[in-house]
Amino acid sequence: MRKKLLSREALSAAVGHKPRSRIRAPPPDSSPVIRVSNHMVQLGRPKEGPKPRQLLSLPPFPGLHLPGRNSTSAAYVTAISWLRYYFNDIPPLVIQKHFYQGLVRSTSGLSRCYEGQAMSLKKIRPNDIMEVGARVHVPVSVAESKVSKRFDVIPSATQYPNADEIEYIQRLVKYKDSAILVLNKPPNLPVKGPVPIHNSMDALAAASLSYNYDEGPKLVCRLDRESSGLLLMGRTKESISYLQCLFSDMKKTKSFPKEWNDACDATYQRYWALVIGSPKQKEGLICAPLTKVILDDGKTERVILAHNSGLEASQEAITEYRVLGPVINGCSWIELRPRTNCKHQLRVHCAEALGTPIVGDYKYGWFIHSRWKQLPRVDYEATTGEPYKMRRPEGLDVQKGSVLSKVPLLHLHCREMVLPNIAKFIELHNRRSRISCGDPEERDILRFVAPMPSHMKISWNLMSSYLV
């Protein structure tokens, strides 16, 4: 049997003699340990323990009833119910696993996790009752998702919608009732063109999503061609009138019942976006009116911030924003909640009001993109000062449009939508009476959450690295 012998030089190092060139001296602030590698004994520093993960900060708990939940009171919302509500598109077993591993922590009040100060984060259990204003912090891995290696390609255009196009558009439907349709729009699919385009969302929906109705659904609110996420359509003339009232400035009218006005107050949309840089303030409200201008070619239209000179027509635009976490490799994830519905409102507010254009927005952020270096940089965790290490999951090289691409796609996604139950209000209006059974909050509010497209999932998995 072959014996493994240690060299005289290594043995002298092990018993405390003066180390030679091959022996690495430990730092003065740590006790040395003996390690054997390739039949050589070396003195080295102790192995470091697990480092903290990058944390994702949820919004402060509002203390209100959660739309779409069966709980009858906001005073008994548990921690796991709050996480399942916020991450509705994440499997419940993934959320439970984070609780079992003790990775879910909480702070009371309105403390922030990116101020660079040490915070007292305490572990919470799944059945702990949420307090008003409490913030929950979870690792970004809770929102990670697998990405298929095959890119979801939109079917090629034909003169009339074929079977592949019809099947493709029907897979996008997330919700359907007698009044509305909710779809998860992919990027680079036009919603409605200046001329009739047969492969746009409205044309495909009219031909494929009638579902035994005489006419197909009609668009109510739009998304940019490059954007993705939840898209709303009305199926009847009556539902379209309700939805147009909902997304107009005159939401509350005396002609509608009180229940409708109360449901309108709870209506909102939330977007997730990856921006270059990070806003100076971690959360705030943007009140910047917008106006349209025509470029020198006389054809191209551009939306810019209005100067409030009184000589130009402007439109009020208000957006809430919140930074989800620290800057990783020069980019940060933010959450946007528009209070008004203006064309390109979120893109202009991010690029011009915050100075952080959305990744892939070359129309309003071309100058920043021209100087943007897509090379790995050394970024540091705000509370510990430790550098982040980029993780590159397998199978990313075959994908397109993420931050790995030379020309990434637009990283703007309508993730969440809460709106009144239009079918219920139409039925209530037709019967001219109120429905007295059940919880009114449960009946009047609908909530939808759409997963991110493939290119944003890749960027999320890549930019949400933790300390390893």
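Just so you know, these numbers come straight off a predicted model, no measurement behind them.

Criteria and thresholds
Residues numbered from 1 in each chain as written. Predicted model: local features only at pLDDT ≥ 70, side-chain atom pairs only at ≥ 80, totals over all residues. Heavy atoms only, no water. Helix = DSSP H or I, 4+ residues; strand = E, 2+ residues; numbered from the N terminus. Buried < 20%, exposed > 50% of the residue type's maximum accessible area, 1.4 Å probe, protein only. Contact = heavy atoms within 4.5 Å. Pairing = 2+ DSSP bridges. 1 Å grid on protein atoms, 1.4 Å probe; cavity = no way out; pocket = protein on both sides within 12 Å on 5 of 7 lines; lining within 4 Å. Points joined across faces, edges and corners; volume = space filled by probe spheres on them. Nonpolar A, V, L, I, M, F, W, Y, C, P; charged D, E, K, R; others polar. Axes fitted to C-alpha atoms, helices over the stretch in contact; angles between N-to-C directions. Parallel < 35°, antiparallel > 145°, perpendicular 65-115°, else oblique. Left-handed = near helix turned anticlockwise from the far one by under 90°. Salt bridge = Lys/Arg side-chain N within 4 Å of Asp/Glu carboxyl O. Phe/Tyr/Trp six-rings, centres within 6.5 Å; stacked < 30°, edge-to-face > 60°. Lys NZ or Arg CZ within 6 Å of the ring centre and 35° of its normal. Polar contact = N/O pair within 3.5 Å; in protein donor to acceptor, adjacent residues only side chain to side chain.

Asker: I'd like to hear about the overall build of the chain, residue by residue, with values.
Answerer: Within the chain, the secondary structure is distributed over 12 helices and 18 strands. Within the chain, the proportion of its 468 residues that are buried is 46%. A separation threshold of at least 6 residues defines the contact pool for the chain, and within that pool the share at least 24 residues apart is 68%.

Asker: I'd like to hear about the sheet that holds strand E5 (residues 122-123), residue by residue, with values.
Answerer: Taken in spatial order, the 4 strands line up as E3-E6-E4-E5 in an open sheet, and their pairing is antiparallel. If you trace the sheet from one side to the other, it starts and ends with strand E3 (55-57) and E5, each paired once. Summarising the sheet, E3 and strand E6 (residues 135-139) pair through 3 bridges and their orientation is antiparallel. Opposite Leu56, over in E6, you have Val138 as the bridge partner.

Asker: Residues and numbers for the layout of surface pockets, please.
Answerer: Of the pockets and cavities examined, the largest pocket occupies roughly 980 Å³. Looking at the largest pocket, it is lined by 30 residues, and the ones nearest its centre are Arg222, Leu223, Asp224, Lys343 and His344. Looking at the lining of the largest pocket, the elements with two or more residues in it are strand E11 (268-276) and helix H8 (345-353). Element by element, the count of residues in the lining of the largest pocket is highest for H8, at 3 residues. Taken together, the residues that form the lining of the largest pocket break down as 15 nonpolar, 7 polar and 8 charged.

Asker: An account of H8 is requested, with residue identities and associated values reported.
Answerer: Taking burial as the measure, the 9 residues of H8 include 7 buried ones, the bulk of the element. Turning to H8, its buried residues number three or more, namely Gln345, Leu346, Arg347, Val348, His349, Cys350 and Ala351. With its phi angle positive at about 75°, Gly355 sits one or two positions after the end of H8.

Asker: Run through the packing of helix H2 (residues 79-86) against helix H3 (residues 92-100), naming residues and quoting values.
Answerer: Running from N to C, H2 and H3 cross one another at 140°; their axes reach a closest spacing of 10 Å. The angle between H2 and H3 places the two elements in the oblique class. For the crossing formed where H2 meets H3, the hand is right-handed. For the pair formed by H2 and H3, the contact residues are Ala79, Ile80, Leu83 and Arg84 on the first element and Pro92, Ile95, Gln96 and Phe99 on the second.

Asker: Account for the pattern of salt bridges, naming residues and giving values.
Answerer: Summed over all chains, the structure comprises 13 salt bridges. Across the pair Arg415 and Asp89 runs a salt bridge whose closest N-O atoms are separated by 3.6 Å. Of this pair, Arg415 sits in strand E17 (residues 412-420) while Asp89 sits in the loop between H2 and H3; the two residues are 326 residues apart in sequence, bridging distant segments of the chain. The exposure class of Arg415 is buried, given its relative accessible area of 2%. With its nearest N and O atoms 2.6 Å apart, the salt bridge here joins Arg339 to Glu320. Taken together, the residues span a long stretch of sequence, with Arg339 in the loop between strand E16 (331-338) and H8 and Glu320 in strand E15 (residues 318-323) at a distance of 19 residues. Within the structure, one salt-bridge network assembled from shared partners comprises Arg270, Arg322, Glu335, Glu416 and Arg447.

Asker: Residues and numbers for the packing of aromatic side chains, please.
Answerer: For the structure on display, the rule yields 8 aromatic pairs. Taking 5.0 Å as the distance between ring centres and 90° as the angle between the ring planes, the aromatic pair formed by Tyr86 and Phe87 counts as edge-to-face. Across this residue pair, the class does not change: Tyr86 and Phe87 are buried. Each ring, one from Tyr175 and one from Phe448, has its centre 5.0 Å from the other, and the planes form 50°; the classification is tilted. Residue Tyr175 is found in strand E7 (residues 173-176), and its partner Phe448 is found in strand E18 (residues 445-449); the two are separated by 273 residues along the sequence. Under the relative-accessibility criterion, Tyr175 is labelled partly exposed at 23%. Among the residues examined, Phe448 registers a relative accessible area of 8% and is labelled buried. Here a set of aromatic residues connected by ring pairs shows up, and it is made of Phe61, Trp82, Tyr85, Tyr86 and Phe87. The ring centre of Tyr213 lies 3.9 Å from the NZ or CZ of Arg235, which sits over that ring. One residue, Arg302, lies across the ring of Tyr364, its end atom 5.7 Å from the ring centre.

Asker: Tell me about the environment of Pro92, residues and numbers included.
Answerer: Considering the arrangement of structural elements, one finds Pro92 in helix H3. Under the relative-accessibility criterion, Pro92 is labelled partly exposed at 42%. In this structure the C-alpha to C-alpha distance between Pro92 and Ile80, which are 12 residues apart in sequence, comes to 9.2 Å.

Asker: Could you give me a rundown of the side chain of Ser228, with the residues and numbers involved?
Answerer: With respect to the helices and strands, Ser228 occurs in strand E10 (residues 228-234). Look at Ser228 and you get buried, because its relative accessible area is 1%. A polar atom in the side chain of Ser228 sits 2.9 Å from the side chain of His413. Leave out the neighbours within four places in its chain, and Ser228 touches Lys185, Pro186, Pro187, Leu223, Leu412, His413, Cys414, Pro453 and Met456.

Asker: Before we move on, could you go through the environment of Glu144 and cite the residues and values that matter?
Answerer: Assignment of secondary structure puts Glu144 in the loop between E6 and helix H4 (163-171). The partly exposed category is assigned to Glu144, whose relative accessible area is 25%. Measuring from C-alpha to C-alpha, the distance between Glu144 and Asn461 comes to 5.9 Å, with 317 residues separating the pair along the chain.

The quantities given are spatial measurements derived from coordinates; they are silent on function.
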